[in-house]
Amino acid sequence: MTITEKLKTVKKQIENAAVKSGRNPEGIKLIAVSKFHPAEAVCEAFESGQVLFGENRVQEAAGKFDEVRKIHPAAELHIIGSLQRNKVKEAVRIASCIHSVDRLELIEEIEKQCDKIDKTIDVLFELHTGEESKSGFENENQISEALEAFTDGRFPHVNPAGFMTMAPFTDDKARIRESFTILRECRNRLQEKFPAFNLSELSMGMSGDFEIAIEEGSTMVRIGTAIFGERDYSKA
Ligand SMILES: *Cc1c(COP(=O)(O)O)cnc(C)c1O
């Protein structure tokens with residue numbers, strides 16, 4: 001199958017999962033995760049109507065999207081992987097949202113770099129919900145403290161938009177679902193605690209588990225393999 005055909009299949013699956021759980025499919029954004037795939041693959045997806053992409057490594061993303069945008073300036077990019085402080089400057093230049101904010105120090109750096117280029121960026125707070133992954137805030141309380149830091153206007157260029165998680169790598173669907181439920185409940189409590197922010201986004205679900213994520217309220221699914229095929233890590 002071509003990228004165009006796979007994209008169409010994935011969109012249909014998203015729609016079916018939404019309808020099955022009584023949700024409006026328009027409430028779910030598809031992020032086409034193009035890491036390890038070349039600019040040509042991104043262009044092919046864009047030409048089939050996909051505007052929003054995700055990358056987890058800033059350096060790879062910068063080269064690729066500078067190239068893609070020469071042809072398709074409207075291509076939108078989210079950074080979905082854990083971010084080192086020294087990559088923030090480049091990340092905020094190329095992306096409109098960072099999904100993987102996992103410490104206050106990172107928010108301070110994002111503010112500093114966005115201020116320099118007079119840009120406002122969306123961020124999602126990553127919560128650690130599965131045992132295997134090490135990324136993300138350890139618990140809801142830490143995210144609550146980070147949100148507290150926003151309330152005195154310290155980060156005018158950073159817009160808290162919601163939450164992100166990675167489910168554990170397992171075939172155990174109950175454990176995967178639990179991870180998504182934890183994130184949704186966290187969002188509900190923190191939204192109630194911080195009504196001044198719109199924390200509605202839930203970035204959860206990948207190629208293997210996006211249907212469960214949609215049933216649990218996902219608003220952004222991050223799908224790579226099902227659109228672009230297997231990644232060739234030997235080219236890293
Ligand atoms: C690579 C990646 C994805 C996409 O994974 P697939 O299984 O290929 O769909 C989603 N989220 C993050 C954070 C990733 O790094």
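Preceding this paragraph is the structure being described.
Rules used throughout
Going along each chain's sequence as written, the residues are numbered from 1 onward. Side-chain atom pairs in this predicted model are given and counted only at pLDDT of 80 or more, local residue features only at pLDDT of at least 70, and totals for whole chains, interfaces and linings cover all residues. As a convention, hydrogens and water are excluded, and side-chain values are obtained from all of the structure's heavy atoms. The axes are straight lines fitted to the C-alpha atoms, using for helices just the contacting stretch, and the angles between their N-to-C directions are given from 0 to 180°. Helix numbers and strand numbers start at the N terminus; a helix is a DSSP run of H or I with at least 4 residues, a strand a run of E with at least 2. Any angle that is under 35 degrees is reported as roughly parallel, and any over 145 degrees as roughly antiparallel; angles of 65 to 115 degrees are reported as roughly perpendicular and all others as oblique. Note: crossing handedness is left-handed where the near helix turns anticlockwise from the far helix by less than a right angle, and right-handed where it turns clockwise. Pairs of residues are marked as contacts when any of their non-hydrogen atoms sit within 4.5 Å. Exposure categories follow from relative accessible area, calculated using a 1.4 Å probe and restricted to protein chains: below 20% of the type maximum is buried, above 50% is exposed, and the middle band is partly exposed. Between any two strands, at least two bridges found by DSSP are needed for them to pair. The definition of a right-handed crossover adopted here requires that, viewed with the strands pointing away, the path from the first strand over the helix to the second runs clockwise. Salt bridge, as used here: a side-chain nitrogen of Lys or Arg that lies within 4 Å of a carboxyl oxygen of Asp or Glu.

Colleague: Before we go on, may I ask you to explain the packing of helix H1 (residues 3–20) against helix H2 (residues 39–47) in this structure?
Modeller: Two quantities define a packed helix pair, namely the angle between the helix axes and the distance between the axes. Closest axis-to-axis distance for the H1/H2 pair is 9 Å, and the angle between their directions is 55°. The angle between H1 and H2 falls in the class oblique. H2 is crossed by H1, and the crossing has right-handed handedness. The segment H1 lies against H2, with Ile3, Thr4 and Leu7 engaging Ala41, Glu44 and Ala45.

Colleague: Please clarify how the pairing of strand E2 (residues 52–55) should be interpreted in this entry.
Modeller: A regular strand places its side chains on the two faces of the sheet in alternate fashion. Of the two faces of E2, the one carrying Leu52 and Gly54 and the one carrying Phe53 and Glu55 are both buried. Bridge count for strand E1 (residues 29–33) against E2 is 2 bridges, and the pairing is parallel. Within E2, the position partnered with Ala32 by the bridge is Phe53. Crossover E1 to E2 through H2 is right-handed. Pairing between E2 and strand E3 (residues 76–79): 4 bridges, direction parallel. The partner of Glu55 across the bridge, within E3, is Ile79. Of the crossover connections in this fold, the one passing from E2 over helix H3 (residues 58–71) to the parallel E3 is right-handed.

Colleague: Looking at this structure, how should I read the pattern of salt bridges?
Modeller: Oppositely charged side chains are able to pair whenever their charged atoms sit close together. Counted under the stated rule, the structure contains 18 salt bridges. Arg93 serves as the salt-bridge partner of Glu90, at 3.0 Å between the closest nitrogen and oxygen. Of this pair, Glu90 and Arg93 both sit in helix H4 (residues 88–94), 3 residues apart, roughly one helical turn. Assessed through its relative accessible area of 30%, Glu90 is described here as partly exposed. A salt bridge links Glu140 to Arg189; its shortest N-O distance comes to 2.7 Å. In this pair, Glu140 is assigned in helix H6 (residues 140–150) and Arg189 in helix H7 (residues 173–193), connecting sequence segments 49 residues apart. Under the relative-accessibility criterion, Glu140 is labelled partly exposed at 22%. Judged by relative accessible area, Arg189 falls into the partly exposed class, the value being 45%. One network of salt bridges, in which partners are shared, links Arg85, Asp102, Arg103, Glu105, Glu109 and Lys112.

Colleague: What am I meant to see in the pairing of E3 here?
Modeller: When E3 meets strand E4 (residues 97–101), the two strands line up parallel, connected through 2 bridges. Its bridge partner lying in E4, Ile79 is registered against Ile98. Regarding the hand of the β-α-β motif, the stretch spanning E3, H4 and E4 is right-handed.

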